[in-house]
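# Tertiary structure, described
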Amino acid sequence: MQIIQDTCMRNSNRLWENVCRCTKQLCSLVLKFIFPSLYCAICGNIIDETRPYCLCDHCRNHVGWKLEEPYITNVLGNQINCISCCSYGLYERRLIFRLKYNQKRSTAAIIGEIVADRLKHSDLEYDIIVPVPMEKSKEKQRGFNHAFLIAKEAGKILDKPVVEHALIRTKKTVAMRGLGPNERRANILGAFALGREARKIKNKRVLLFDDICTTFATGEECIRILLDAKPDSVDFIVFATKIF
C-alpha cells in the first residue's frame, strides 16, 4: 500500500510540475503578445512600439536623414534623378550591416519602410522598382539579395511592382572598399547584363534601388545596361550615400 501511495504522490508531483511549467509558458506568451518587447534595430536598447522604424530616440536622431531635391546626373544623354534616404555614416552602416552580414532579415522591412517614406516625400515618378543584383555565388552564400528584400518591402507599401531579374550580375568583382573612383568604375565595368525579365521594363518608368552608394559607379553601370531595354526613364534611389 505504501509503495502505491508513494507512486501516486510522485506522479501527482510530476503532473503538478508539468501544469506549472505549461502555465508559466502560456503566461509568458500572453504577456509578450500584450506587452511586446521591442529592440532598437541599431543599438539593441529596449524601445516601445511607438518608435518609428524600430529605432530608439538616440539612434534616430543620429541618422543623417536626407530630404534634398534630386541630384541630377547624365548617363548616355539621359537625365537621371538620384535621391537618398540618409547619409552613409556609423549609424546607417550598423543598420544595413545588420541585414547584410548578421542575417537579420526583419531589418529589410525597416529599411523598406524608410525607403517608401522617402519616395512619398519626393517628386519621382516611376512604374516599377528594380533592385541592383548580386553575383550568384555570393547571393547563394548569403542566402538572399538584400537589395531585393528591401525593394520588395518598399514595393508592398507603395503598391509598386518589383522586377527582380531585369538585371543580372555577370561576373565577380573585387571588394569596392579601398578602391578609388576610377578603380571602382573599372572594376564594375561589364559586371551587369539584362536579365530574363528585362522585357517588363520596356516603355516603363524605372526606379533603380541600391543599399549603399559611395561613388555611383555601380548605379551608373546598372543604368547604362537598363537603358538598352528601352525604358521610358530611369531614376535612382539609394538608402545611404556619401555623394548626394
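These notes cover the structure that comes with them. (Residues numbered from 1 in each chain as written. Predicted model: local features only at pLDDT ≥ 70, side-chain atom pairs only at ≥ 80, totals over all residues. Heavy atoms only, no water.)

Taken as a whole and judged by the stated rule, the model has 10 salt bridges. Between arginine 205 and glutamate 125 there is a salt bridge, with its nearest N and O atoms 3.2 Å apart. Of this pair, arginine 205 sits in strand β8 (residues 205-213) while glutamate 125 is found in the loop between α4 (106-120) and β5 (128-131), placing the two residues 80 residues apart along the sequence. Classification of arginine 205 by relative accessible area gives partly exposed; the value is 26%. A cluster of three or more residues bridged by salt bridges with shared partners is formed by Asp48, Arg51, Asp57 and Arg60. (Salt bridge = Lys/Arg side-chain N within 4 Å of Asp/Glu carboxyl O. Helix = DSSP H or I, 4+ residues; strand = E, 2+ residues; numbered from the N terminus. Buried < 20%, exposed > 50% of the residue type's maximum accessible area, 1.4 Å probe, protein only.)

Once that is clear, we can look at the side chain of arginine 142. Relative to the elements of secondary structure, arginine 142 occurs in helix α5 (residues 136-142). Among buried Asp, Glu, Lys and Arg side chains, arginine 142 stands out as unpaired, with aspartate 211 the closest opposite charge at 6.6 Å. Among residues more than four places away in sequence, those in contact with arginine 142 are Lys100, Tyr101, Gln103 and Met134. (Lys, Arg positive; Asp, Glu negative; His and termini not counted. Contact = heavy atoms within 4.5 Å.)

All right, on to the sheet that holds strand β9 (residues 233-241) then. If you walk across this open sheet you meet the five strands as β3-β4-β9-β8-β5, and the pairing is mixed. Every interior strand has two partners, whereas the edge strands, β3 (71-75) and β5, have only one. Taking the axes of each pair of neighbouring strands and ignoring which way they run, one obtains an average angle of 30 degrees across the sheet. Examined bridge by bridge, strand β4 (residues 78-87) and β9 share five bridges and lie parallel to one another. Within β9, the residue paired with cysteine 86 across the bridge is alanine 240. Seen against the sheet, helix α6 (residues 146-158) touches β5 and β8 and runs at an angle of roughly 165 degrees to β5. (Pairing = 2+ DSSP bridges. Axes fitted to C-alpha atoms, helices over the stretch in contact; angles between N-to-C directions.)

This next bit is on the packing of helix α3 (residues 90-100) against α4. It is at 8 Å that the axes of α3 and α4 come closest, and there the two elements cross at 135 degrees. Looking at the two axes, α3 sits oblique to α4. Of the two possible hands of crossing, α3 and α4 adopt the one that is left-handed. Contacts from Leu95, Ile96, Arg98 and Leu99 in α3 reach Ser106, Thr107, Ala108, Ile111 and Ile114 in α4. Residues that form the contact of α3 with α4 fall into these classes: six nonpolar, two polar and one charged. (Parallel < 35°, antiparallel > 145°, perpendicular 65-115°, else oblique. Left-handed = near helix turned anticlockwise from the far one by under 90°. Nonpolar A, V, L, I, M, F, W, Y, C, P; charged D, E, K, R; others polar.)

For the rest of this paragraph, the subject is helix α7 (residues 181-188). Among the residues of α7, those classed as buried are Arg184, Asn187 and Ile188. For α7, the buried positions fall inside an angular range of 85 degrees around the axis, keeping them on one side. Of the exposed residues in α7, the ones pointing more than 90 degrees away from its buried face are Asn182 and Ala186. On its buried face, α7 sits against β6 (167-169), β7 (192-194) and α8 (217-226). With its phi angle positive at about 80 degrees, glycine 190 sits one or two positions after the end of α7. (Arc of directions from axis to C-beta.)

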